[in-house]
Amino acid sequence: MTDQPLRVAIISLNYAPERTGIARYTSSLAQGLHKRGHRVQVITTHPHYPEWSIHEGYGQWRRDELVDDVPVRRLRHYVPKRPSWIPRAISELTFGVRALLTSWGRPDVVVLPSPALFACSLVLLRARLFTRRAATVVWVQDLYSLGAAETQGGTGAAVQALSRVESATLGAADGVALIHSRFRDQVVDKLRVEPGRVGVIRNWTSVGAVDRAIDRQAVRLRLGWSPDELVLMHTGNMGVKQGLENIVEMARIAEATQYPVRVVFTGGGSQKERLVELAAGLSNVQFLDSLPDGEFEEALNSADILLLNEKPGVAEMAVPSKLTTYFSTGLPVVAATDAASISAAEVDVSGGGVRVDPGDPAALFEAVTRLGADSALRARLGMAGRKFRDAYLAEDAAIDSYEQWLQQLVDNHALKGTSA
């Protein structure tokens, strides 16, 4: 705890009550800093992700509320129905303009999670020109330039343009927080951010290990899962980079061979409708909307195997936040991802699962059947993941590190202002 509380403004495209992706971390950081005595305010949008539709009861031009005692200002912005690259950029820019024009108070530090890169660029412009006393932080969850290259096969002018925007945005901030050390080479060497401005603070597990007993049989019965089915669950965003048609094709193989497996997709995203169409006629694929807290943990812990899937070629652009959740369950993970990916490294270092090549449904099916036949192996992998979570992904330790890093940035920024 610092001697004087910091005034922290978090300006983020995503926040609670959204339950997936970045929202879980922005919400936890805001609440954690608030509990440590800091004066936190959040400027965000109305909840809309991953459904890409504003939640019922929201959508006002501006809405001020308290979320777990943290003041939150919600600003209406453009939400595309089909969030491809250009509509997403427009969506971010509309939020950036709204955030640019609203009141921030007088923060000591402004924290900007990215995505949204384009909103961050506008907000940083205001912070540097009109809020000189505030230190600025870009919190990098995904790298845009790598995302364009890895998910869209982008090369040439488009990727170069994104790289220039990303480089300029990160370079303008007083601090750049990375969620994994693998991002450092890209940020320092290719995006040319000064190494001294870069810090690495890993994302944490926002879902704790369930202490209360769960009646797995009752939960499975409620969700329509048969006792003799091997239940495979994928949670979170159903977007392009996940390449989830691979899992649907694996389910098709399982049904053709009459292997008793049920694939459960939980959540939403830009590719959900396409996946539902692709799975039409398959009796072993189930889609669930995002579940409320409590029910989500019950469903997750009542599965048998948890799935992570990435599009072939995705390696460096992001660290899947679902892994931090998966490792809390004591269940094994099967990850269909490139051998050189960050996801593969996480699964390997944790010991919490097995990896197969992406885009190969037969290989995924083979891994699933191997684990399905070996309950001892499933238990061993699941326990290893939980131990990794307890040792390295604790929320309190991560937010303590964030608090200390923010205070250091504020102090350094104040010294620069004094000497200017």
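Predicted model, so just to flag it, every value in this text is computed and none were measured.

Reading guide: rules and limits
Residues numbered from 1 in each chain as written. Predicted model: local features only at pLDDT ≥ 70, side-chain atom pairs only at ≥ 80, totals over all residues. Heavy atoms only, no water. Buried < 20%, exposed > 50% of the residue type's maximum accessible area, 1.4 Å probe, protein only. Helix = DSSP H or I, 4+ residues; strand = E, 2+ residues; numbered from the N terminus. Pairing = 2+ DSSP bridges. Right-handed = clockwise from strand over helix to strand, strands pointing away. Axes fitted to C-alpha atoms, helices over the stretch in contact; angles between N-to-C directions. Parallel < 35°, antiparallel > 145°, perpendicular 65-115°, else oblique. Contact = heavy atoms within 4.5 Å. Nonpolar A, V, L, I, M, F, W, Y, C, P; charged D, E, K, R; others polar. Expected span 1.5 Å × (residues − 1).

Another point: the pairing of strand β9 (residues 230-235). With respect to burial, β9 is a largely interior element, six of its six residues being buried. Summarising the sheet, β9 and strand β10 (residues 261-266) pair through six bridges and their orientation is parallel. Bridge assignment links Thr235 to a residue of β10, and that residue is Thr266. In this region the chain leaves β9, passes through helix α8 (residues 245-256) and returns to the parallel neighbour β10; the handedness of that crossover is right-handed. Where β9 and strand β12 (residues 305-309) come together, two bridges link them in parallel fashion.

Between helix α12 (residues 342-350) and helix α14 (residues 375-392), whose axes approach to 8 Å, the crossing angle comes to 100°. The angle between α12 and α14 falls in the class roughly perpendicular. Across the interface between the two elements, Glu346, Val349 and Ser350 of α12 pack against Ala384, Gly385 and Phe388 of α14. Grouping the amino acids of the contact of α12 with α14 by side-chain chemistry returns three nonpolar, two polar and one charged.

With that settled, consider α8. Between its first and last C-alpha atoms α8 spans 17 Å; for 12 residues at 1.5 Å apiece the expected length is 16 Å, and the two agree. Considered for burial, the residues of α8 that qualify are Asn246, Ile247, Val248, Met250, Ala251 and Ala254.

Sheet architecture is open: six strands sit in the order β11-β10-β9-β12-β13-β14, paired in parallel fashion. Strands with a single pairing partner mark the edges of an open sheet, and in this sheet they are β11 (285-288) and β14 (353-356). Strand-to-strand twist across the sheet, computed as the mean angle between neighbouring axes with direction ignored, equals 25°. Looking at chain direction, β10 and β11 are connected through four bridges and run parallel. For Thr266, the partnering residue across the bridge sits in β11 and is Leu288. Along the sheet face, α8 touches β9, β10, β11, β12 and β13 (333-336) and points at about 160° away from the line of β10. Sheet strands in contact with helix α13 (residues 361-372) are β9, β10, β12, β13 and β14, and its direction is about 155° off that of β14.

Function cannot be inferred from these measures alone, as they are strictly geometric.
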